[in-house]
Amino acid sequence: VDSTKKKIDFLISLKNEFKLKNLHPICSRFEDLPDNYKNFFDIAVSRAVAELNVLTEYSIPFVKPGGYFVAYKSVKSQEELKNAQNAIRKLDCVFTDKVEYSLPLKEDNKRVLLIFKKAKPTLLKYPRKNGLPKKNPL
């Protein structure tokens, strides 16, 4: 899911070229997806586009129970993880792993993948409408 059509078109071309049947590129914002996508995806991966408490609310509702959410983060990941505890609890997911790595050819090259497993279906009220998670994070 990405709101940039050019990125989705690229993923669609990859899906077609490699005959990938379980790839479902969707041009939308997560918070604007219809309810039938809630508890649907095996995995959601996000870029570092928002604080973890906001990303968690946007992503976890669309992951099926037993599925995973992977958040790309920087060196502030530990602080963000601490600040996201309320969102993690309310959205019924569990922090399972942290993978640290370095990007080549970058001065500020430390990155982290935070991995969460969804425990049970998310309440239908999440994610809240566009803008609310950022203005008033869980």
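Look up a bit, the structure's there.
The paragraphs below set out a description of the structure included in this document. In this text, all values refer to a predicted model and were calculated from it rather than measured experimentally. (Residues numbered from 1 in each chain as written. Predicted model: local features only at pLDDT ≥ 70, side-chain atom pairs only at ≥ 80, totals over all residues. Heavy atoms only, no water.)

### Comments concerning the environment of F41
Turning to its location among the elements, F41 is positioned in strand β1 (residues 41-46). C-alpha separation for the pair F41 and P65, spaced 24 residues apart in sequence, amounts to 9.2 Å. Not counting residues within four places of it along the chain, the set of residues in contact with F41 comprises H24, I26, F62, V63 and K64. (Helix = DSSP H or I, 4+ residues; strand = E, 2+ residues; numbered from the N terminus. Contact = heavy atoms within 4.5 Å.)

### So, the pattern of salt bridges
Two side chains that carry opposite charge are able to pair once their charged atoms sit near each other. Summed over all chains, the structure comprises 7 salt bridges. For E80, the salt bridge is made with K73, and the minimal N-O distance between the two is 2.8 Å. For E80, a relative accessible area of 6% translates into the label buried. The exposure class of K73 is buried, given its relative accessible area of 4%. Across the salt bridge formed by K98 and E100, the nearest N and O atoms sit 3.4 Å from each other. Classification of E100 by relative accessible area gives exposed; the value is 58%. (Salt bridge = Lys/Arg side-chain N within 4 Å of Asp/Glu carboxyl O. Buried < 20%, exposed > 50% of the residue type's maximum accessible area, 1.4 Å probe, protein only.)

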